[in-house]
Amino acid sequence: MGSAELAEWRAYEQIAGPLGGVRGDVNAAMISAAIVAVNRGKGQRAPKLADFMPRWDRTKVRKSPEELFRAAMIANSALQGRVVANN
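Basis of the calculations
- Starting afresh in each chain, residues are numbered from 1 along the sequence in its written order.
- Totals for whole chains, interfaces and linings use every residue, but because this is a predicted model, local features are given only for residues with pLDDT of at least 70 and side-chain atom pairs only at 80 or more, for both listing and counting.
- Processing note: side-chain calculations cover all non-hydrogen atoms of the structure and skip hydrogens and water entirely.
- Convention adopted: a line fitted to C-alpha atoms gives each axis, helices being fitted over their contacting stretch, and angles between N-to-C directions are expressed from 0 to 180 degrees.
- Numbering of helices and strands runs from the N terminus, with a helix taken as a DSSP run of H or I at least four residues long and a strand as a DSSP run of E at least two residues long.
- Reported orientations rely on four angle classes, namely roughly parallel under 35 degrees, roughly antiparallel over 145, roughly perpendicular from 65 to 115, and oblique for the rest.
- Put simply, a crossing is left-handed when the front helix is turned counterclockwise from the back one by less than a right angle, and right-handed when it is turned clockwise.
- Should any heavy atoms of two residues lie within 4.5 Å, those residues are considered in contact.
- Residue polarity is assigned by list, with Asp, Glu, Lys and Arg as charged and Ala, Val, Leu, Ile, Met, Phe, Trp, Tyr, Cys and Pro as nonpolar; anything else, Gly included, falls into the polar class.
- Pairs were defined over the aromatic rings of Phe, Tyr and Trp, the Trp ring being its six-membered one, requiring ring centres within 6.5 Å. Orientation was assigned from the angle between planes: stacked under 30 degrees, edge-to-face over 60, tilted for the rest.
- Partly exposed residues are those whose accessible area sits between 20% and 50% of the maximum for their type, while under 20% is buried and over 50% is exposed, using a 1.4 Å probe and protein chains only.
- Here the expected length of a helix is defined as 1.5 Å per residue gap, with one fewer gap than residues.

K.L.:
Can you walk me through the packing of helix 1 (residues 3-16) against helix 3 (residues 65-78) in this structure?
P.N.:
When two helices pack together, you describe them by how their axes are tilted relative to each other and by the distance separating the axes. Orientation of helix 1 relative to helix 3, taken along the N-to-C sense of each, is 125°, at an axis distance of 8 Å. Relative to helix 3, helix 1 is oriented oblique. Our pair here, helix 1 against helix 3, has a crossing hand that is right-handed. Packed against helix 1, whose contacting residues are Ser3, Ala4, Ala7, Glu8, Arg10, Ala11 and Ile15, the element helix 3 presents Leu68, Ala71, Ala72, Ala75, Asn76 and Ala78 at the interface. Split into classes, the residues belonging to the contact of helix 1 with helix 3 amount to nine nonpolar, two polar and two charged.

K.L.:
Would you mind going over the packing of aromatic side chains with me for this structure?
P.N.:
Two descriptors summarise a pair of aromatic rings, namely the distance from one centre to the other and the angle between the planes of the rings. All chains considered together, the criterion is met by one aromatic pair. Note on Trp9 and Tyr12: the rings are 6.0 Å apart at their centroids and 85° apart in plane angle, and the pair reads as edge-to-face. In this pair, Trp9 and Tyr12 are both assigned in helix 1, three residues apart and thus about one turn of the helix distant. Taking the relative accessible area as the measure of exposure, Trp9 reaches 39% and is therefore partly exposed. Take Tyr12: its relative accessible area is 44%, and that puts it in the partly exposed class.

K.L.:
I would appreciate a short explanation of helix 1 in the present structure.
P.N.:
Since the α-helix turns once every 3.6 residues, residues separated by three or four places project in the same direction. Helix length check: helix 1 (14 residues) gives 20 Å between terminal C-alpha atoms against 20 Å at 1.5 Å per residue, within 8%. Phi for Gly17, located one or two positions after helix 1, is positive at around 95°.

K.L.:
In this structure, what is going on with the environment of Gly17? I would like to understand it.
P.N.:
Within the secondary structure, Gly17 sits in the loop between helix 1 and helix 2 (23-39). Along the chain, Gly17 and Arg55 lie 38 residues apart, while their C-alpha atoms are 8.6 Å from each other.

K.L.:
Hey, could you run me through unusual backbone geometry in this one?
P.N.:
Leave glycine aside and you will find that most residues have negative phi; peptide bonds, for their part, are mostly trans. You will see that Gln80, though not glycine, has its phi angle at about 60°, which is positive. Topologically, Gln80 is positioned in the segment after helix 3. Classification of Gln80 by relative accessible area gives exposed; the value is 75%.

Have a look at this one:
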């Protein structure tokens, strides 16, 4: 994978959240909820699984393809990559 493609994936993850399935987030949330539940004080409510789930979709403004491309090029530059034309 070249630096340009890596930069594109990095820009994508900054917008959409980390790559990979949701299962890892759910597993971590279940463990966290269980630990908090057994250590909560008397009379405190048991936590909900949703309390521990990361929300990656907090961005209210969707970026245009041009803005996404610009973010990818900035990341590519930060990684000292270069753009190679494919002919």
